[in-house]
Amino acid sequence: MWKRLKDKWPFFALAGLSALSLGMIAAVLQSTDSLQGAQSRVQGSPSLATAAKPSAVLQLAIKPAAERTEALSTLAANPNPSLDNYRARYLLATDLLNQGNGKEALPFLEGLEADYEAMAPYVMLKRGQAQAAAGDRTGAAQTWQQLIDQHATHPAVAEALYELGQYNQQAWDQLLTTLPDHPRSVEVALKRLAASAPSSSDGSTASPDQTAPADVAKSVANEKDLLLIVAAHGLYRSEYEASLDRLVANYGAGLTPEQWQTIGFGYWEIQRYGKAGKAYAKAPGTPVTRYRAARGAHLVGENTTAIATYRQLAQAFPSAPETATGLLKLSDLLPSPQALPVLDQVIAQFPDSAGEALLKRSERLENMQSPTSTKNAKASILSQYSQSDAAAQLRLKNAKGHAEKGDHASALKWAQQLVEANPDIDLAAEAGFWAGKWAIRQQQQNIAQKAFEQVIRAHPESYFAWRSAVHLGWDVGDFQDVRHRDPEITLPAQRLTLPAGSDTLQELYRLGQDQDAWRLWQLEFENEQAPTVAEQFTDGVLRLGVGDNLDGIFMLSSLAWRDTPAEQEDYQALKQTPTYWEGVYPFPYAEPIQTWAEQRQLNPLLVTALIRQESRFEPQIRSVVGATGLMQLMPDTADWVLYQTGETDQLGDPDLDLDSELENPETNIKLGTWYLDFTHEEYDNHSLFAVASYNAGPGNVSAWIEEGGYSNADEFVDAIPFPETKGYVESVFGGYWNYLRLYNPEISRRVAKYTGR
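Residues numbered from 1 in each chain as written. Predicted model: local features only at pLDDT ≥ 70, side-chain atom pairs only at ≥ 80, totals over all residues. Heavy atoms only, no water.

Caption draft 1: Region of the structure containing the overall build of the protein. A tally of helices and strands in the protein yields 42 helices and 2 strands. Counting every position in the protein, which comprises 757 residues, the buried fraction comes to 53%. In the protein, the proportion of contacts linking residues at least 24 apart, taken out of those at least 6 apart, comes to 59%. (Helix = DSSP H or I, 4+ residues; strand = E, 2+ residues; numbered from the N terminus. Buried < 20%, exposed > 50% of the residue type's maximum accessible area, 1.4 Å probe, protein only. Contact = heavy atoms within 4.5 Å.)

In structure tokens form, the structure reads like this:
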């Protein structure tokens, strides 16, 4: 996973949307204030658990500070005790603190901890910060010490110790000892590590035997402990990989198997699979660690090591699910005569993976020119493992094969078989859509309509649901006219509760205090390597809150991969909540997107969907070939755009630092939307070709049109010869459809008629 989290107040996925005044937002949804399971009571007011009516403060919490000050002030001035009164005071105080107005914040915080019990430690923390901002450092230190004394075990103590440590290093020592898993501890550890490892003349980090400054001698002595803190709790930091490398290089010989597992998990999460495999090889022997040791070697081409480790996995854990996956991967590394017995072992021992093993077996037999055996293997898949993913792949392949020959009747039958046998898998959406298309070719309009409606009913989030809606005549835009649409968008009025986390965390999250909520979650989330569905869901939402959009979206969307029936049941329940979809399809950078989409006459939802696909809204992300930022522009392309727009008088202007400019969201969106407009103009505003060209380049798209002809958009997409571009087109337009179905009232209602959601 990409890690680009910085210690700053980030842009929450929905928080800035209410600031738009450009016609993109029409209204807000109403929801209720329900903090389920809360135990603490607010003195003289309803408990957090029983506050059932809509909360005015929680609706204001997602608005920018400048837009909510007046309303919050009115609520804060209400003399009658209420939960909203306390929330308003706290929110006003934090807004003033963020503006540097500590003195003005103090009256709102005075005595608030006695009333607002769930937030008492944070009230004291903020009061100390307000005192410090007002110049009363003595009072601030006293308030923070009072917080430490009264709430010794509360995570907010870490913030107080961090503040005190700015002037007294012993407070930081206490922080590292008592709360090593808090992000402030990670920050302190990295500060001390940086001080204890000065750069050498060539810019590299000094080795541990080099002389360190006297004032960091203690840090040097504790270097290993500091590195272990970062390894265990600093996954989100940009310095993380370098810290793991330093830990392995300097102290690898003395690490325990459990510490190697932590290191392996860290490398795995940041997609350094070769390093992860080596670390997992030294971790305690479990199916997961042995599989990842093998797979890590496999992914970096160390095939001899991978083969040996896959075999060790199978020998040590013969019945583990990871062994089935490992044997399938092992078969990919072996020549056919050696692969066939491995696949037979999977078929015999792992019924859930037998279909996939049979499909791989049939492909090997086909390559070995054994037509009879190949035919028998495929027949076994369809008869014995009819509901497997492998059977679905075969049916869809057969369906498309008949369609290519013009036999649409047979193609329709194969597609219908797939939908009936495998209604819940992703391929069923594709098969159902093509069943509708082929039924139209057979002039069976009733069957076509039912097929399209079934796709929307069973797979409303799929690209093929959009294509089905188009064929049903819905007003959702098609490839030829989608660019000029400016859909009405309706957003939630307030955040709902999360399925995991304390009452205090829930309150921080719903008040929009995302950095504090995320830091608190780092202590509450104790199951990072094997989270429950609820924990992973909560983690994903809170990552979005601090701008870690790539990982946040991944944590939510990858819940679909859960295997057990209980986990799938939990996932399906959470999938019905607005919070899930708002997280998978968020709206960061809504204002510049809307501004530049309007100027370029582009559909803002199409631009948002393209950015989501290109970068997951990570402004500093870079591809392996150097594409940079939200819309993944190559520097040469950006330079050319600037030249075309007259903003630079020559290509490669030496005064223009494009590397840094392309990481600026405003600049990136400005140039990216110009280029997207250009690709539309190249293809007479046909968005299919424009989007495909954005990924594959105009030359390739023009060649595909010229070589294959163009008569049907869906057939063109299906025939795109670059798998990456085909997937890209489906993902961008699938994203557009999801933003439309989730946030456009009319389309949302139409979809709900089919899904019942």
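Next, the rest of the story.
Caption draft 2: Structural view of a nonpolar patch on the surface. On the surface, a cluster of nonpolar side chains totalling about 330 Å² of accessible area is made up of V624, V625 and M634. Structurally, V625 is set in the loop between α34 (604-615) and α35 (635-645). (Patch = residues over 30% accessible without salt bridge, like charges linked within 9 Å, V, L, I, M, F, W, Y side chains within 5 Å. Areas by Shrake-Rupley, 256 points an atom, 1.4 Å probe, with all protein chains shown as cover. Salt bridge = Lys/Arg side-chain N within 4 Å of Asp/Glu carboxyl O.)

Caption draft 3: Structural detail: helix α33 (residues 590-600). All buried positions along α33 are accounted for by A590, P592, I593, Q594, W596, A597 and R600. Those residues of α33 that are buried are in contact with α34 and α37 (665-682). Q601, located one to two residues past α33, shows a positive phi value of around 55 degrees.

Caption draft 4: Focus on the nonpolar core. By size, the foremost hydrophobic cluster in this structure holds 182 residues, and its most contacted members are Y90, W466, V476, F733 and W737. Here V476 is in contact with W466, A469, V470, R485, Y736, W737, L740 and I747, once residues within four sequence places are set aside. By size, the runner-up hydrophobic cluster in this structure holds 18 residues, among which are Y310, A324, L330 and V346. (Core = buried A, V, L, I, M, F, W, Y, C linked by side-chain atoms within 4.5 Å.)

Caption draft 5: Region of the structure containing the side chain of D516. Tracing the backbone shows D516 in helix α28 (residues 514-524). For D516, a relative accessible area of 4% translates into the label buried. Not counting residues up to four positions away in its chain, the partners in contact with D516 are Y90, Y122, K126, E159 and L508.

Caption draft 6: Expanded view of the packing of helix α18 (residues 321-333) against helix α20 (residues 351-367). Two elements in contact, α18 and α20, have axes whose closest approach is 11 Å; the angle formed by their N-to-C orientations is 10 degrees. With respect to their mutual orientation, α18 and α20 come out roughly parallel. Here A324, L328, S331 and D332 of α18 lie close against α20, whose contacting residues are S353, E356, A357, K360 and R364. When the residues that make up the contact of α18 with α20 are grouped by side-chain class, the tally is 3 nonpolar, 2 polar and 4 charged. (Axes fitted to C-alpha atoms, helices over the stretch in contact; angles between N-to-C directions. Parallel < 35°, antiparallel > 145°, perpendicular 65-115°, else oblique. Nonpolar A, V, L, I, M, F, W, Y, C, P; charged D, E, K, R; others polar.)

Caption draft 7: Structural detail: the confidence of the model for the protein. Of the residues in the protein, 89% have a pLDDT of 70 or more, and the chain-wide mean is 89. Segment residues 200-221: pLDDT under 50, and 19 contacts once partners within four positions in sequence are set aside and those in other chains are kept. (pLDDT = per-residue confidence, 0-100.)

Caption draft 8: Region of interest: empty space enclosed by the protein. Tallying each qualifying case throughout the model produces 3 cavities of 30 Å³ or more. Looking at the second largest cavity, its volume works out to about 50 Å³. F433, W434, Y463, F464, D714, V717, D718 and E730 are the residues that line the second largest cavity. Contributing elements (two or more residues each) for the lining of the second largest cavity: α24 (426-441), α26 (463-471) and α40 (713-719). At 3 residues, the largest contribution of residues to the lining of the second largest cavity is made by α40. A breakdown of the residues in the lining of the second largest cavity according to their chemical character gives 5 nonpolar, no polar and 3 charged. (1 Å grid on protein atoms, 1.4 Å probe; cavity = no way out; pocket = protein on both sides within 12 Å on 5 of 7 lines; lining within 4 Å. Points joined across faces, edges and corners; volume = space filled by probe spheres on them.)

Caption draft 9: Broad picture of α37. Between its terminal C-alpha atoms α37 stretches 25 Å, which fits the 26 Å expected from 18 residues at 1.5 Å a residue. Here α37 lies mainly inside the structure; 13 of its 18 residues are buried. Measuring from the side-chain oxygen of the N-cap residue of α37 to the backbone nitrogen of E666 gives 2.9 Å; that N-cap residue is N664. The first or second residue beyond α37 is D684, which carries a positive phi of 55 degrees. (Expected span 1.5 Å × (residues − 1). Polar contact = N/O pair within 3.5 Å; in protein donor to acceptor, adjacent residues only side chain to side chain.)

Caption draft 10: Expanded view of the pattern of salt bridges. Evaluated as defined, the whole model comprises 35 salt bridges. R192 is the partner of D173 in a salt bridge, and the nearest nitrogen-oxygen pair spans 2.8 Å. Here D173, found in helix α9 (residues 169-178), pairs with R192, found in helix α10 (residues 183-196); they are 19 residues apart in sequence, far enough to count as distant. For E241, the salt bridge goes to R272, with nearest N and O atoms at 3.0 Å. Taken together, the positions of E241 in helix α13 (residues 240-251) and R272 in the loop between α14 (257-269) and α15 (273-280) put the pair 31 residues apart, joining distant regions of the chain.

Caption draft 11: Just the packing of aromatic side chains, in detail. The tally for this structure, following the rule as stated, stands at 37 aromatic pairs. Between W268 and Y273, the aromatic rings sit 4.9 Å apart at their centres with planes inclined by 75 degrees, giving edge-to-face as the arrangement. We classify W268 as buried; its relative accessible area is 14%. For Y273, a relative accessible area of 24% corresponds to the partly exposed category. Here the aromatic rings of W466 and F733 are separated by 5.3 Å at their centres, their planes lie at 5 degrees, and the arrangement is stacked. Remark: F733 occurs in helix α41 (residues 723-743) and W466 occurs in helix α26; sequence separation between them is 267 residues. The class of F733 is buried, set by a relative accessible area of 0%. Members of the aromatic cluster, each reached through a chain of ring pairs, are F433, W434, W438, F452, Y463, F464, W466, F479, F733 and Y736. Taking the ring centre of Y162 as reference, the NZ or CZ of R184 above it sits at 4.2 Å. (Phe/Tyr/Trp six-rings, centres within 6.5 Å; stacked < 30°, edge-to-face > 60°. Lys NZ or Arg CZ within 6 Å of the ring centre and 35° of its normal.)

Caption draft 12: Structural context of the environment of Q169. Within the secondary structure, Q169 sits in helix α9. The exposure class assigned to Q169 is partly exposed, which follows from its relative accessible area of 43%. Polar contacts involving the side chain of Q169 include one to the side chain of R192, which spans 2.9 Å.

Caption draft 13: Examining unusual backbone geometry more closely. Here Q601, not a glycine, exhibits a phi torsion of approximately 55 degrees, which is positive. Here the phi dihedral of D684 falls at roughly 55 degrees; this positive angle occurs in a residue that is not glycine. Along the chain, D684 falls in the loop between α37 and α38 (687-696). For D684, a relative accessible area of 70% corresponds to the exposed category.

Caption draft 14: Molecular detail of the environment of A293. Among the structural elements, A293 can be located in helix α16 (residues 287-299). With 29 residues separating them along the chain, A293 and G264 place their C-alpha atoms 8.7 Å apart. Excluding residues within four positions of it along the chain, A293 makes contact with G277, Y280, A281 and T309.

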